[in-house]
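# Topology and contacts: notes
Residues per chain, in single letters:
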Amino acid sequence: MRGQRLLLPGVLVGGMLLVALAGPLLPIADPVRQDVAGRLTLSSAAHWLGQDEFGRDVLSRLIIGARVSLSIAVVSTVLGAVVGTLLGIIGGYFRGLAEMVTMRTAEIVLCFPPLLLALLVVTLLGPGAATLILCLAIVFTPAFARVAYAATLSVRSLDYVTAQVALGKPAALILWRTLLPNIAPPLIVQLSLTVAAALLLESGLSFLGLGVVPPAPSWGLMIRGARTTMEHAPLLLLWPCLALTGAVLALNLLCDRLREVLDPRGSGSGRPGFLRIFPTLRTPSPNSAAPAGLLAVRGLTLEIAGPHGPVAVVRDVSLTLAAGETLALVGESGSGKTLTALTAIGLLPSTVRVVAGEILYTDRQGVARDLLRLPEKDLRRLRGKDLAMIFQDPSSSLNPLLRVGAHLEETLRAHHATGSLGARVVELLRQVGLPDPPRSAQLYPHELSGGQRQRVMIAAAVANHPRLLLADEPTTALDVTVQAQILELLAGLKQAEGGLGMLFVTHNLAVVARISDRVAVMYAGELVEEGPVAVVFAQPRHPYTAALIASTPEGDAERLTAIPGTVPQSWAMPPGCRFAPRCSMALPICDDGPPPVAMPAPGRSTRCLRWKEMA
Amino acid sequence: MVSFLAKRLGFAVITLFCVLTLVFLLVRILPGDPALVILGDQASPESLMALRQRLGLDQPLPVQYARFLMQSVQGDLGRSMISGRPVMDEILTVLPYTLELTMAALLLGALLGVPAGVWAAVKRGRTPDYILRFLSLVGLSLPAFVAAIVLLMVFAIQLRWFPVISAGGANTLAERLRQMALPTLALALIMMAYITRVTRSAMLEVLSQDFIRTARAKGASPSRVIWNHALGNCLIPITTVVGLYLGILIGNSVLTEIVFSRPGLGKLILSALTQRDYTLLQGMIVIYTLMVVVVNLLTDLTYGFLDPRVKYK
Ligand code: SF4
């Protein structure tokens, strides 16, 4: 499908090459025959595009000029590509002295402005096609050497290449079999780029009178000639300018599209990356009764585009969270727990779409607001103030160019703090236990340890006294002792900020036991069990929860058993209970349809048909 | 920091040394006797001999080479074979014109190109993005001299808004700006195209990084996220491209200067080439390379100001 994008530039470039190749066979006038009587005449039946300052036919000069310009560009590119690629591969593969010589030479040649290098060579050897080809090839060789060198280096470190080297296969064979296919894509892009550059340089040199030797036509030469008569015959100037720019444009377009096909990241549409604002739900709110707690998620369903239409990655999830309570959201990766948390703060990745449900948040005034239907402007006022979030990887989640103090100030200023904030920043850093707060405020994130960075993230999150803290695996990227410290810090902060509710997303049951009041277990996009931590851990009412507990390395190491099987792909969900393929208690009825939610006890729920039989 | 600088400087010196050697050898293996070129075919053997002696051409090659190196290091690039003036003087009289043009084009290109790239990235896949992407593609497909000639034809010859020849002689600042406008625009169009493209792709890359999400989670405004967080992190790739294309810009300025009959290195080098003034030619190549090397050094140094993580190891 993406290959279609190559059609237009492919046809343009192909057509251009065809005309250039077929030039001498076409029924066109002799491009060098002069006709003094017809000097500078405009278009006529015999000369469609008119005649130039010597009365030569402009159209045939354009076509034959294309032949000359393109053949010089293509031949010199191929020459530069072959030599440069070889040098680059040798430098990248054999390293050592070969690397030194080839890459340093390339770097030095690259220090010459290309046009200058070309001027010099042409002056030394005299103008003419052969000289031009030679000098363009020299100019372009280093660029190919660099591309091939970089690609070779990256391929060389791949496991299968290392393995072949270890097996003692001849270097040439390894290079031919493994390197070439891998470095071909960047080289192809470089090729079309270079033909375009060669056209530019050739025409520039011809324009200066140092390239193609008259009377042979070339676009650069035609522009040079037309320039002398441009006041009387501006059209004469227009045609070669158009032809030249059009040809280079077609080549650049081809190169652009090639890049797009090889690396589709730059294309796509919609606001890019995390800049995306997810559309508010149009459907009316289900109009259910106002919730008792701080946050109530009801019937949340999220979809992504799958290979055969949209698939639900989160289906019908309902949760409640009271003020001052900590709810742990547990599950394997891909269970939809992080997506659920991100929905609440309106920062879903651009591929995910909210389809149904409501997220009711009760604000400081006691008014319940549906976060899924709140306009971005209002949601932004809540973000960082009422709703705060801590992310998994503190090293990538902090802008590397901002000092710690600036990170905190940004949160404060986004919510109308004014004046000097230095004292507040220091106080926050002290609160999260950063050593020497005034000095820490002046540091950059890369000067902190992972644990310290996460403390900065936490300080920024609590800066405006939020009411709901969303923590997405906040300790996963840290080592064990630091994990414990961060959990302690979070527990302490909850004490200090009375009424702060926390939604803690994790896959680690040991962490759940330490920090939360209640636990909600997610599997394959569904909530399968919910209840108070102690009760759920003591007597799980869903086989998946039981299996998770059994596989936790905490305590008895001999009971460490991974759950057999894998989470089903989101577009290939079992028709009935989604856990059935991996469930040790599954019966045929389990496949009949999604099991209804059962309430084994007040405040507990499970999505299993056989919960009563679980001992 | 110091060792990094030393290393970069070392490389710069090696590059310059290689260039000097190359230039020396090229000029010496040239067909044709420079003395004969200068004095013409009718010159008597005695005067030829005398000139060779004066130019030091009668010495053995290694001696000539050593002398050439020594003099170059001291900033003495010899005397022009044609005018007899010191090459350094010849270059220094026209260098300001070229620098002025290049810098103005760079500035204009960056001032227009960076916001255009940001805009295209933010509006990805929408009309402004398509238009800007197409325009920048046209911009970098436009040969420098074609851009110059088209501007000249439309704005100077047809509309007569600007002078056709921008050779010096301007007394007022306004007149000088009027003379510079078209050549600057011709070069800036191409510069802008490059900067727009690199800014767009760098922005797209940065906007999907985690810290952008953090900034939004803090409630930061979209304009702050785009211009402060995202663009700040794009400045390094933009600087790299600007540094790289400054070399091309210097080359392009040769053509532009010639089209506009503007004094500068471009005209000088072309006359050196046509008159076979080898000393002037070798001096100019040394100066050009020096400029590129200096630009590369400056680019490296700029990284340190743009990103606190760059430690110049
Ligand atoms: S419904 Fe059936 S398959 Fe699903 S968890 Fe319960 S017993 Fe297992």
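Residues numbered from 1 in each chain as written. Chains lettered and ligands numbered in written order. Predicted model: local features only at pLDDT ≥ 70, side-chain atom pairs only at ≥ 80, totals over all residues. Heavy atoms only, no water.

The next point concerns the environment of A20 of chain A. Residue and element names in this part refer to chain A. Following the sequence through the fold, A20 ends up in helix α1 (residues 7–22). Accessibility expressed as a relative area gives 6% for A20, which makes it buried. Between the C-alpha atoms of A20 and G309, which are 289 residues apart in sequence, the distance is 47 Å. Ignoring any residue separated from it by four or fewer positions in sequence, one finds A20 in contact with A66, R67 and L70. (Helix = DSSP H or I, 4+ residues; strand = E, 2+ residues; numbered from the N terminus. Buried < 20%, exposed > 50% of the residue type's maximum accessible area, 1.4 Å probe, protein only. Contact = heavy atoms within 4.5 Å.)

So, on to the nonpolar core. Within the largest apolar cluster, 113 residues are counted, with the highest numbers of intra-cluster contacts made by L205 and I223 of chain A together with Y288 of chain B. Top element by residues in this core is helix α7 (residues 171–207) of chain A. It accounts for 13 residues. Once residues within four sequence positions are removed from consideration, L205 of chain A is found in contact with L115, A118, L119, V122, L132, C135, L210 and G211 of chain A. The next biggest cluster of nonpolar side chains, apart from the first, holds 77 residues, and it includes L339, V354, A441 and L500 of chain A. (Core = buried A, V, L, I, M, F, W, Y, C linked by side-chain atoms within 4.5 Å.)

All names here are of chain B. For chain B, mean pLDDT is 82; residues scoring 70 or higher make up 91% of the total. Confidence, expressed as mean pLDDT per element, reaches its minimum in chain B at helix α2 (residues 34–39) with 66 and its maximum at helix α9 (residues 210–217) with 92. Here the predicted complex scores 0.84 on pTM and 0.81 on ipTM. (pLDDT = per-residue confidence, 0-100.)

On to the pattern of salt bridges, then. Between side chains of opposite charge, pairing is possible as soon as their charged atoms come close. Under the criterion given, the structure shown has 28 salt bridges over all chains. The closest approach of N and O atoms between R315 of chain A and E526 of chain A, which form a salt bridge, is 2.5 Å. Highlighted residues: R315 of chain A in strand β2 (residues 309–321) and E526 of chain A in strand β10 (residues 526–532), separated in sequence by 211 residues. Put simply, E410 of chain A and R224 of chain B hold a salt bridge, and the shortest N to O gap is 2.5 Å. Residue E410 of chain A is found in helix α12 (residues 404–414), and its partner R224 of chain B is found in helix α10 (residues 222–259); the two belong to separate chains. (Salt bridge = Lys/Arg side-chain N within 4 Å of Asp/Glu carboxyl O.)

Another point: the site of the ligand. Residues in contact with the ligand, as listed here, are H542, P543, C577, A580, C583, M585, A586, C590, P595, C608, L609 and R610 of chain A. Here the shell around the ligand is built from residues that sort into ten nonpolar, one polar and one charged. (Near = heavy atom within 4 Å. Nonpolar A, V, L, I, M, F, W, Y, C, P; charged D, E, K, R; others polar.)

If you look at the interface, chain A gives 74 residues, while chain B gives 75 residues. Buried area between chain A and chain B, summed over both chains or domains, comes out near 6,800 Å², and the portion from carbon and sulfur atoms is 69%. Among the residues chain A hides against chain B, the three largest losses belong to C111, F274 and E410 of chain A. Together they make up 10% of the total. At the surface where chain A touches chain B, the tally comes to four salt bridges. When the shortest N-O distance is used, the salt bridge between R197 of chain B and D256 of chain A registers 2.8 Å. (Buried area = accessible area lost by both parts, 1.4 Å probe.)

Attention shifts here to the sheet that holds β2 of chain A. Residues and elements named next belong to chain A. Taken in spatial order, the four strands line up as β2-β1-β4-β5 in an open sheet, and their pairing is antiparallel. Each having just a single partner strand, β2 and β5 (368–370) make up the two edges of the open sheet. Within this sheet the neighbouring strands show an average axis-to-axis angle of 15 degrees, counted without direction. As paired elements, strand β4 (residues 353–362) and β5 share three bridges and run antiparallel to each other. For T362, the partnering residue across the bridge sits in β5 and is A368. Across the sheet, helix α10 (residues 337–345) lies against β1 (295–306), β2 and β4, angled at about 75 degrees from β2, the strand it touches most. (Pairing = 2+ DSSP bridges. Axes fitted to C-alpha atoms, helices over the stretch in contact; angles between N-to-C directions.)

All names here are of chain A. Compared with an ideal rise of 1.5 Å per residue, which puts 37 residues at 54 Å, α7 spans 46 Å between its outermost C-alpha atoms and falls more than 12% short. Within α7, the axis deviates most sharply at A184, by approximately 45 degrees, and proline P185 lies no more than four positions further along. Directly after α7, the chain includes G209, whose backbone phi takes a positive value near 85 degrees. (Expected span 1.5 Å × (residues − 1). Bend = angle between axes of the 7 residues up to and from the residue.)

Here we take up helix α19 (residues 543–550) of chain A. Every buried residue of α19 of chain A is accounted for by P543, Y544, T545, A547 and L548 of chain A. Tucked into the core, α19 of chain A has its buried residues touching β3 (326–330), α17 (509–515), β9 (518–523), β10 and α18 (533–538) of chain A.

Scanning the entire structure with this criterion turns up six cavities of 30 Å³ or more. In terms of lining residues, the largest cavity is bounded by 14 residues, among which C577, C583, C590, C608 and L609 of chain A are the most central. Partitioned by chemical class, the residues of the lining of the largest cavity number eleven nonpolar, one polar and two charged. Taken as a whole, the second largest cavity encloses approximately 70 Å³ of empty space. Taken together, G384, A388, M389, F391, T411, M457, A460 and A461 of chain A together with T214, A217 and K218 of chain B make up the lining of the second largest cavity. Sort the elements by how many residues they give to the lining of the second largest cavity and helix α15 (residues 450–462) of chain A lands first, with three residues. Residues that form the lining of the second largest cavity fall into these classes: seven nonpolar, three polar and one charged. (1 Å grid on protein atoms, 1.4 Å probe; cavity = no way out; pocket = protein on both sides within 12 Å on 5 of 7 lines; lining within 4 Å. Points joined across faces, edges and corners; volume = space filled by probe spheres on them.)

All names here are of chain B. Two numbers describe how α10 lies on helix α12 (residues 278–306): the axes approach to 9 Å, and their chain directions differ by 165 degrees. Taken together, the axis directions place α10 and α12 in an arrangement best described as roughly antiparallel. For the crossing formed where α10 meets α12, the hand is right-handed. Seen from α10, the contacting residues are L235, I236, T239, T240, G243, L246, G247, I250 and V254; seen from α12, they are Y288, M291, V292, V295, T299, T302, Y303 and L306. Of the residues belonging to the contact of α10 with α12, the class tally is eleven nonpolar, six polar and no charged. (Parallel < 35°, antiparallel > 145°, perpendicular 65-115°, else oblique. Left-handed = near helix turned anticlockwise from the far one by under 90°.)

Residues and elements named next belong to chain A. Under the criterion given, the structure shown has four aromatic pairs over all chains. Measuring from centroid to centroid gives 4.6 Å for Y523 and Y544, while their planes differ by 55 degrees, and the two rings are tilted. Highlighted residues: Y523 in strand β9 and Y544 in helix α19, separated in sequence by 21 residues. Here Y523 matches Y544 in class, with each residue buried. Between the aromatic rings of Y523 and F579, the centroid separation amounts to 5.0 Å while the plane-to-plane angle is 80 degrees, which identifies the pairing as edge-to-face. You can see Y523 sitting in strand β9 and its partner F579 sitting in the loop between α19 and β11 (605–606), a full 56 residues away along the chain. Residue Y523 shares its accessibility class with F579, and that shared class is buried. An aromatic cluster is built from Y523, Y544 and F579, whose rings are joined through pairwise contacts. (Phe/Tyr/Trp six-rings, centres within 6.5 Å; stacked < 30°, edge-to-face > 60°.)

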